[in-house]
Amino acid sequence: MSTNRKSLAIVFGLSLLTMGQLSGAVEASASALPAGISFIAPEQAVTVYQLTDSLSVEVKSLLNEATSDGLRIAATIRMKSTSSKVIKIPETDMRVTTADGYEYTLQASVFNAHAIRPNTTEELSYMATVDRKDQVSLTGLSWFSVDWYTYPKTETTLLNIPVSSNIWSGPLSEITEPEYKKTWGETFRIPNIDSPLVYTPVAVQKDTTQQGTVTTVKLLVENPSGKKETLPEFSLDGRTANQTGSDPNVFPGKRVEQGPISLDPQEQRYIHYTVAIEKDTSLASLNLLTTETFKQLDAKGTPTQTSYSIGRLNIALPSGGQSDISIEGNAYEYNTPFRFDALSDAIDPNMDVSLVEMHMHENEGEGYQTVIGKFKLSNKGEQPLPLPQFQTKLVTESGLSYAGSRQTTTTQDIMPNTSYVISYSYIMPAEMKDRNFVLKLVDTKTAAPASTTIGAYRISLQTNTVNEDELSFYPFKVKMNLWQLSARTNMAPVTSPAPTTFSYKLKLDLDIERQEQVIVDQSFSKMTLELVDPTGKLLSVKTLSFTGVNRLVSGTQIIQFDNLKTDEQEYPLTVNIYESITTPTGEAKRLVGSIKE
């Protein structure tokens, strides 16, 4: 074998733009869209070797993987022609040399090209399975021209390439070269892939779903070129930290978006990957992998395909293994539209979403508290829009997250120039004293079953105020002009063994005003009246609705309290007025007024 060797030097020049720079370009309280920012990384340089006067080659990928069938060695080579005419690709042997001095010939794929057009590039695949179970290191690739018509056969060395790094040995391989290790938020291109697209990891979060525990990774993709580009196929594997004396755990990931994805010039969009992990697993990094294929003929002459993955980059995850788009800016001002991530299409641009109320409600004797948030959805377009399906979370100052339970609705669409109120309930521990939270609005559809944040704001719960004259049940204001509570004795006949009972009648004169033309349905919160004796004992309850046939209306209302939990007439009595709402865990209520005899 000839000892002539050309040095192998692979240099990647990547302009690194950190997520910190990205965050600085984003309005703090608005969107994560890096408007006006272009993530341009310079072209990476790879070493090109001259095979003949008009043909050059470069190594795209090299595999050295132990399998159940033996040692699988594969190489994918790019061959480029500088000729002005179509030329034949020479019939050569490609061989790989191991560190212990062995040499193996790789079989060419049956679909390898046999000729190459002027100034074009062809990818050629080679593979061999060697019956060895021991660990083998590869040191070189060689091309030989073999003359089979001489005796003994004559071999001419055309090219030797030394190889020692960037050799993939399977899922447990560790990428150690600094140029292929990326920090979280660092912009990159995929090495050795003919694509100008650039990527920035922007969010990673761990969710528990009905299908198990899932880590979701969100990547921002940009096409900085002047032509339409198709997203290359690649995958992300999740890796735990290296353990002393044992290999890390590797969990394969898959892309959520199905089918081909194309980006127009200067277009940006998100793609998502989900990695199914074990419940107590904490991922430390991600391996980005591309797929190579090798085709051969089986014993019957039928083409068969072998696919294998090649690791391209390792992306370190942030401390704690989770990171979300940092868009919690100024404190949220109630009844103002949220500004969502402009790259997300979870909320129609013609749909305004705002938070109109957020109060802590009581759950007497239940051992927990309930926060109720009322969201107003306004269709400012000219066509009916479906009710947006988003989720919400409240995150405490200590980082604990509480998901909202969405009110069951009967409305499917919102008509143009109308609004609709929908409530979310959040179950909190009884001992929690937090009143300041980060409210996250979450897209549960795009990356289902996992979720991604599309907006986040700092909010403070509204103070519960008690006002007997004007009661607030957004969007309704109830003005109490007059009230009168009277007792009634229900005497049993002398001949009847039944005891004498009492009931109370509450007469109310109300003015009910709808603050805005906002639609509510039968799931909307209600007015609950509780009759309480001087010791605080609950005697009777009446619940009144703002919707339906028997809804509250302006004018005189007569409320009858019967079936009292007492057999004596009490005085003085108190009527506590609550806003109550049905949640998946029961009824939650908020005191809005109180009237006493």
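Everything numeric here is computed off the predicted structure, so don't read it as measured data. (Residues numbered from 1 in each chain as written. Predicted model: local features only at pLDDT ≥ 70, side-chain atom pairs only at ≥ 80, totals over all residues. Heavy atoms only, no water.)

J.: Would you take a moment to explain the overall build of the chain for this structure?
T.: Each helix and strand in the chain was counted, giving one helix and 39 strands. Burial statistics for the chain: of 597 residues in total, 49% are counted as buried. Counted over contacts in the chain with a minimum sequence separation of 6, partners at least 24 positions apart contribute 68%. Of the roughly 29400 Å² of accessible surface on the chain, a fraction of 48% belongs to carbon and sulfur atoms. (Helix = DSSP H or I, 4+ residues; strand = E, 2+ residues; numbered from the N terminus. Buried < 20%, exposed > 50% of the residue type's maximum accessible area, 1.4 Å probe, protein only. Contact = heavy atoms within 4.5 Å. Areas by Shrake-Rupley, 256 points an atom, 1.4 Å probe, with all protein chains shown as cover.)

J.: Sorry, what's going on with the packing of aromatic side chains here?
T.: How two aromatic rings sit relative to each other is given by the distance of their centres and the angle of their planes. All chains considered together, the criterion is met by 17 aromatic pairs. Between Tyr102 and Tyr104, the ring centres sit 6.4 Å apart and the planes meet at 15°, which makes this aromatic pair stacked. Exposure remark for Tyr102: the relative accessible area of 46% places this residue in the partly exposed category. Considering the side-chain rings of Phe338 and Phe375, the 6.4 Å spacing of their centres and the 35° angle between planes classify their relative orientation as tilted. Separated by 37 residues along the polypeptide, Phe338 in the loop between β20 (303-316) and β21 (351-361) and Phe375 in strand β22 (residues 368-379) bring together distant segments of the chain. Per residue, the accessibility class of Phe338 equals that of Phe375, and both read buried. (Phe/Tyr/Trp six-rings, centres within 6.5 Å; stacked < 30°, edge-to-face > 60°.)

J.: Just to check I follow, could you spell out the pairing of β21 for this structure?
T.: Working note: regular strand, side chains alternate between the two faces of the sheet. Burial analysis of β21 places 10 of its 11 residues in the buried class, which makes it a mostly covered element. The sheet contact formed by β21 and β22 spans 10 bridges and is antiparallel. Residue pairing in the sheet places Met351 in a bridge with Asn379 of β22. (Pairing = 2+ DSSP bridges.)

J.: Help me out: how do you make sense of the sheet that holds strand β10 (residues 154-162) in this one?
T.: Hydrogen bonding along the main chain pairs the strands of a sheet, whether they run parallel or antiparallel. Read from one edge of the open sheet, eight strands run β1-β2-β3-β8-β6-β5-β9-β10, paired in antiparallel fashion. Looking at strand neighbours, the two that pair on one side only are β1 (49-50) and β10, the edges of this open sheet. Relative to strand β6 (residues 103-108), strand β5 (residues 93-98) runs antiparallel, the two being bridged by four bridges. From the neighbouring strand, Val96 faces β6, where its bridge partner is Tyr104.

J.: How should the sheet that holds strand β36 (residues 538-544) be read in this particular structure?
T.: Pairing is antiparallel across the open sheet formed by four strands, whose spatial order is β36-β35-β38-β39. Because the sheet does not close on itself, it has two edges, and the strands there are β36 and β39 (586-596). Between one strand axis and the next, the sheet turns through 25° on average, direction left out of account. (Axes fitted to C-alpha atoms, helices over the stretch in contact; angles between N-to-C directions.)

J.: Would you take a moment to explain the pattern of salt bridges for this structure?
T.: When the charged atoms of two side chains lie near each other, side chains of opposite charge can form a pair. Per the stated rule, a full pass over the model turns up 20 salt bridges. Asp207 is paired through a salt bridge with Lys393; the nearest N and O atoms lie 3.6 Å apart. Here Asp207 is found in strand β12 (residues 198-209), whereas its partner Lys393 is found in strand β24 (residues 390-395), with 186 residues between them in sequence. What makes Asp207 buried here is its relative accessible area of 12%. Between Asp352 and Lys380 there is a salt bridge, with the nearest N and O atoms lying 3.3 Å from each other. Residue Asp352 is found in strand β21, and its partner Lys380 is found in the loop between β22 and β23 (385-386); the two are separated by 28 residues along the sequence. (Salt bridge = Lys/Arg side-chain N within 4 Å of Asp/Glu carboxyl O.)

J.: Explain the layout of surface pockets here, please?
T.: A probe as big as a water molecule, rolled over the atoms, marks out the empty space that is left. In this structure, the largest pocket spans a volume of roughly 580 Å³. Lining the largest pocket are 26 residues, and of these Glu58, Arg78, Asn192, Ile193 and Asp194 sit closest to its centre. Listing elements by their share of the lining of the largest pocket, those giving two or more residues are β2 (55-67), β3 (70-81), β8 (121-130) and β19 (285-297). At four residues, the largest contribution of residues to the lining of the largest pocket is made by β2. Here the lining of the largest pocket is built from residues that sort into eight nonpolar, eight polar and 10 charged. (1 Å grid on protein atoms, 1.4 Å probe; cavity = no way out; pocket = protein on both sides within 12 Å on 5 of 7 lines; lining within 4 Å. Points joined across faces, edges and corners; volume = space filled by probe spheres on them. Nonpolar A, V, L, I, M, F, W, Y, C, P; charged D, E, K, R; others polar.)

J.: Which parts of the structure should I look at to understand the confidence of the model for the chain?
T.: Detailed reading of the predicted coordinates is not advisable wherever pLDDT is low. The share of residues in the chain with pLDDT of 70 or more is 88%, and the mean pLDDT across the chain is 84. Contacts from residues 1-43, a stretch scored under 50 in pLDDT, to residues over four places away or in other chains number 114 contacts. (pLDDT = per-residue confidence, 0-100.)

J.: Any chance you could explain the nonpolar core here in plain terms?
T.: What tends to happen in soluble globular proteins is that the nonpolar side chains get buried as a cluster. Formed by 36 residues in total, the largest nonpolar core has its most connected members in Tyr199, Leu231, Phe234 and Ile271. Each residue touching Leu231, except ones within four places of it in the same chain, is listed here: Leu197, Tyr199, Val221, Arg255, Ile261 and Ile271. The next biggest cluster of nonpolar side chains, apart from the first, holds 33 residues, and it includes Phe476, Met480, Leu552 and Val575. (Core = buried A, V, L, I, M, F, W, Y, C linked by side-chain atoms within 4.5 Å.)

J.: Honestly, a nonpolar patch on the surface in this entry has me stumped. Any pointers?
T.: A cluster of nonpolar residues, Val110, Phe111 and Leu297, forms a patch on the protein surface that exposes about 280 Å² of accessible area. Mapped onto the secondary structure, Val110 falls in the loop between β6 and β7 (115-116). Note on Val110: relative accessible area 35%, which makes it partly exposed. (Patch = residues over 30% accessible without salt bridge, like charges linked within 9 Å, V, L, I, M, F, W, Y side chains within 5 Å.)

J.: Got a minute to help me understand unusual backbone geometry in this structure?
T.: In most cases, non-glycine residues show a negative phi, while peptide bonds are predominantly trans. Here the bond from Tyr151 into Pro152 is cis, since omega is -5°, no more than 30 degrees from zero. By the secondary structure assignment, Pro152 is in the loop between β9 (138-147) and β10. In this model, Tyr474 is joined to Pro475 through a cis peptide bond whose omega is 10°. Structurally, the position occupied by Pro475 is in the loop between β31 (470-473) and β32 (476-490). In this model, Gln266 sits at a positive phi of 70°, which is unusual for a non-glycine residue. In this structure, Asn335 takes a positive phi of about 70° despite not being glycine.

J.: When you look at the side chain of Asn64 in this model, what are you seeing that I'm missing?
T.: Here Asn64 shows up in strand β2. Taking relative accessible area as the criterion, Asn64 reaches 7% and is therefore assigned buried. A distance of 2.6 Å separates a polar side-chain atom of Asn64 from the backbone oxygen of Val136. If near-sequence neighbours (up to four positions away) are discounted, Asn64 is found in contact with Leu71, Arg72, Ile73, Val136, Ser137, Leu138, Ile167, Trp168 and Ser169. (Polar contact = N/O pair within 3.5 Å; in protein donor to acceptor, adjacent residues only side chain to side chain.)

J.: Even after reading the chapter, I still don't get a negative patch on the surface, so can you show me in this structure?
T.: Residues Glu468, Asp469, Glu470, Asp511 and Glu513 make up a contiguous surface patch of negative charge. Following the sequence through the fold, Glu470 ends up in strand β31. (Lys, Arg positive; Asp, Glu negative; His and termini not counted. Charge placed at Lys NZ, Arg CZ, Asp CG, Glu CD.)

J.: Teacher, can you tell me more about the environment of Glu431 here?
T.: Within the secondary structure layout, Glu431 lies in the loop between β28 (418-429) and β29 (436-443). Remark: the alpha-carbon pair of Glu431 and Tyr368, spanning 63 residues in sequence, is separated by 7.9 Å.

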